[in-house]
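# Geometric and topological summary
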Amino acid sequence: MTDKLYDLINWADVEEIEYSESMYPKRILGAHELPEGGTLVQVYIPHAVSISLIKDDGKKPIAMEACDEEGFFAVLTSGTDFDYRLE
């Protein structure tokens with residue numbers, strides 16, 4: 001995992017998600033535009049081995065990085081306000 005991605009993740013929020021203690025999971029999960037540009041996409045899919053982000057622009061899938069062994073994945077991508085699906 002890159003240092004930049006590591007620094008962008010709120011690890012306390014990740015722990016709340018993984019322990020089902022978060023009252024506002026949308027605060028962290030999904031796509032969130034960053035003030036410095038780009039979009040951070042975070043998902044939690046327990047037992048997933050790999051996940052790819054497929055933007056609606058038809059370009060090549062983007063591999064998300066496994067942030068831990070519990071199923072939390074993230075990717076920092078360019079662009080804002082796009083539709084996507086996960087594979």
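See the structure above.
Residues numbered from 1 in each chain as written. Predicted model: local features only at pLDDT ≥ 70, side-chain atom pairs only at ≥ 80, totals over all residues. Heavy atoms only, no water.

## Observations concerning the side chain of Glu-18
Note on placement: Glu-18 falls in helix 2 (residues 11–18). Look at Glu-18: it is buried, it has no salt bridge, and the nearest opposite charge is Arg-27 at 13 Å. Setting aside anything within four residues of it in sequence, one finds Glu-18 in contact with Tyr-44, Asp-68, Glu-70 and Phe-72. (Helix = DSSP H or I, 4+ residues; strand = E, 2+ residues; numbered from the N terminus. Buried < 20%, exposed > 50% of the residue type's maximum accessible area, 1.4 Å probe, protein only. Lys, Arg positive; Asp, Glu negative; His and termini not counted. Salt bridge = Lys/Arg side-chain N within 4 Å of Asp/Glu carboxyl O. Contact = heavy atoms within 4.5 Å.)

## Some remarks on the sheet that holds strand 6 (residues 72–77)
In spatial order, the strands read 1-2-6-5; together these 4 strands make up an open sheet with antiparallel pairing. Each having just a single partner strand, strand 1 (30–33) and strand 5 (65–66) make up the two edges of the open sheet. As defined by bridge partners, strand 1 adjoins strand 2 (residues 39–44) across 4 bridges and the pair is classed as antiparallel. The partner of Gly-30 across the bridge, within strand 2, is Gln-42. (Pairing = 2+ DSSP bridges.)

## Some thoughts on the pattern of salt bridges
Throughout the structure, instances matching the rule amount to 2 salt bridges. Between Arg-27 and Glu-16 there is a salt bridge, with its nearest N and O atoms 3.2 Å apart. Of this pair, Arg-27 sits in the loop between helix 2 and strand 1 while Glu-16 sits in helix 2, placing them 11 residues apart in sequence. Residue class for Arg-27 comes out partly exposed when judged on its relative accessible area of 45%. According to the relative accessible area criterion, Glu-16 is partly exposed, its value standing at 28%.

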